[in-house]
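Structural features, examined
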Amino acid sequence: MPEESGSTEGPRRRAPLAALEVLVATDAHGSISGAARVLGVSQPSASASLGRLERLLGLELLARGTRGTQLTDAGRAAATWARDVLLSSDSFERGVAALREAPSPRIRLAASMTVAEYLAPRWLAQLTHEHAHLDVELVVRNSHDVMDLVLAADAELGFVEGPSVRRGLRSRMLVRDQLAVVVGPEHPWAQRRRRQASIEELVTAPLVVREAGSGTREVLERALRRHGAELPSRLPHLGSTSALKTTVQYSDAVTVLSLLAVEDDLARGALVQIEVPELELGRTLRIVWKDGAEMSAPVRAIAALVTRRR
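Residues numbered from 1 in each chain as written. Predicted model: local features only at pLDDT ≥ 70, side-chain atom pairs only at ≥ 80, totals over all residues. Heavy atoms only, no water.

Quick reminder of the rule: UniProt positions are given in the numbering used here, feature names are shortened, and annotations may be inferred rather than shown by experiment.
In the nomenclature of an unreviewed UniProt entry, the protein chain is known as DNA-binding transcriptional regulator, LysR family of Flavimobilis marinus. The heading Sequence similarities (unreviewed entry) in the UniProt record of the protein chain holds the text "Belongs to the LysR transcriptional regulatory family."

Thoughts on the environment of methionine 147
Definition in use: A helix here means a DSSP run of H or I that spans at least four residues, while a strand means a run of E at least two residues long, and both kinds are numbered starting from the N terminus. We call two residues in contact whenever any of their non-hydrogen atoms come within 4.5 Å of each other.
Tracing the backbone shows methionine 147 in helix 7 (residues 143-151). Excluding anything up to four places from it in sequence, methionine 147 contacts Val160, Ser164, Val165, Arg166 and Leu169.

Structural notes on the domain arrangement of the protein chain
Put simply, the rule is: Note: domain ranges come from an automatic or database domain assignment.
Parsing the protein chain into structural domains produces domain 1 (17-96), domain 2 (107-175 + 285-306) and domain 3 (178-282). A C-alpha centroid distance of 54 Å is found between domain 1 and domain 2.

Things to note about the nonpolar core
Defined as follows: To form a nonpolar core, buried Ala, Val, Leu, Ile, Met, Phe, Trp, Tyr and Cys residues must be joined to one another through side-chain atoms within 4.5 Å. Exposed residues in this analysis have more than 50% of their type's maximum accessible area, buried residues have under 20%, and partly exposed residues fall in between, with area computed by a 1.4 Å probe over protein chains only.
Judged by nonpolar contacts, the single largest core of 26 residues is most densely connected at Val181, Leu202, Leu220, Leu224, Val254, Leu279 and Leu281. Of all elements in the fold, only strand 6 (169-183), helix 8 (199-204), helix 9 (215-225), strand 9 (254-258) and strand 10 (272-274) reach the threshold of two or more residues within this core. Tallying contributions element by element places helix 9 first for this core, with 4 residues. When neighbours within four sequence positions are excluded, valine 254 is seen to be in contact with Val181, Val182, Val183, His187, Trp189, Leu202, Ala205, Pro206, Leu207, Val208 and Val248. With 23 residues, the next largest nonpolar core counts Ala116, Leu119, Val175 and Met295 among its residues.

A closer look at the packing of aromatic side chains
This is how it is decided: Working definition: a ring pair exists when centres of Phe, Tyr or Trp rings (six-membered ring for Trp) sit within 6.5 Å. Plane angles under 30 degrees give stacked, over 60 give edge-to-face, the rest tilted.
Throughout the structure, instances matching the rule amount to 1 aromatic pair. When the ring of tryptophan 123 is compared with that of phenylalanine 159, the centres are 5.0 Å apart and the planes differ by 45°; the resulting orientation is tilted. One end of the pair, tryptophan 123, is in helix 6 (residues 120-130); the other, phenylalanine 159, is in strand 5 (residues 157-160), with 36 residues separating them in the sequence.

Topic: empty space enclosed by the protein
Gaps left between atoms are located by rolling a probe of water-molecule size over the structure's atoms. What counts, and what does not: Put plainly, a pocket is an open set of points on a 1 Å grid over the protein atoms alone with protein on both sides within 12 Å along at least five of seven lines, a cavity is a set where a 1.4 Å probe fits but cannot get out, and a lining residue has an atom within 4 Å of a point. Grid points are joined across faces, edges and corners, and a volume is the space filled by probe spheres set on the points. Each residue gets one of three labels, nonpolar for Ala, Val, Leu, Ile, Met, Phe, Trp, Tyr, Cys and Pro, charged for Asp, Glu, Lys and Arg, and polar for the others, Gly among them.
Evaluated as defined, the whole model comprises 1 cavity of 30 Å³ or more. Computed from the structure, the largest cavity encloses a volume of approximately 60 Å³. As for the largest cavity, its lining consists of Leu109, Ala111, Ala120, Trp123, Leu124, Leu127, Leu138, Phe159, Ile302 and Val306. Taken together, the elements giving at least two residues each to the lining of the largest cavity come down to strand 3 (106-111), helix 6 and helix 12 (297-308). With 4 residues, the top contributor of residues to the lining of the largest cavity is helix 6. In terms of residue class, the lining of the largest cavity is built from 10 nonpolar, no polar and no charged.

Quick notes on the pattern of salt bridges
Here is the rule: We define a salt bridge as a side-chain nitrogen of Lys or Arg found within 4 Å of a carboxyl oxygen belonging to Asp or Glu.
Taken as a whole and assessed by the stated rule, the structure comprises 13 salt bridges. Taking the shortest distance from any N to any O, the salt bridge between arginine 76 and aspartate 73 comes out at 2.3 Å. Pair noted here: arginine 76 and aspartate 73 are both in helix 4 (residues 73-101), with a separation of 3 residues, about one helical turn. Note on arginine 76: relative accessible area 39%, which makes it partly exposed. The class of aspartate 73 is exposed, set by a relative accessible area of 58%. Note that arginine 166 is salt-bridged to aspartate 148, the shortest N-O span being 2.6 Å. Taken together, the residues span a long stretch of sequence, with arginine 166 in the loop between strand 5 and strand 6 and aspartate 148 in helix 7 at a distance of 18 residues. A relative accessible area of 29% means that arginine 166 is categorised as partly exposed.

Here it is as structure tokens:
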């Protein structure tokens, strides 16, 4: 390696600001006692501070005589430079204070319906507790649209529930989820002793599902294709989990939703889960971000919080 030029001495200690304040005040008020009075310190303390500064700088700053102590020419020159240092320090403190008081930039998150309704409220409550200064906006879309927003840099983080992640995105698992086939309590399937249905019964039933582009629908379609089955080409669809649950509860319709969304309804008997033994409906809920994008510190804090609370 080439040799580095310059002095081999280690870095000098920086002069403490408190000592520079004493030096500047001594110059301005003509004596150490005057400086001590203005700064609210004792005269021995001010004298000791200047003595330490002399030793640190290797300069004689004070001329001590029978008529008192005066700054030398070097001391007056050093006081001029010290005044600039103190002004810069004051400017630094004002700038930092302004940063603390400035409103935080809004952080835009995008989440699929299941995540937004059943996981995000807990995260946002925790964010308010741990990072009260953050200004967070949550946009709710289906998983396909969430990934579009993140790829277009219209959202800094996305939360999706589909089986795949688009090219150009990176992801990390949040939780494992399971979809459930559910009906209302008066549905004929709910009266069966074993509460089961076949794949053929499912695809020929009066199904109502989420719209194309939703992660829930994509998982269902892929699971059916593995058994050579497909959803009907024309199928009623709704963009709201709550609307789907209400539709099923008061009709003979059948739907497929996340267990996160229906566990309370199942517990109180408002909905009934129907097993379809051949159908694998497990999935992974993920956090996604744009590949190559550098996360800001607040965005990293949010990502750490939501992945910590799996």
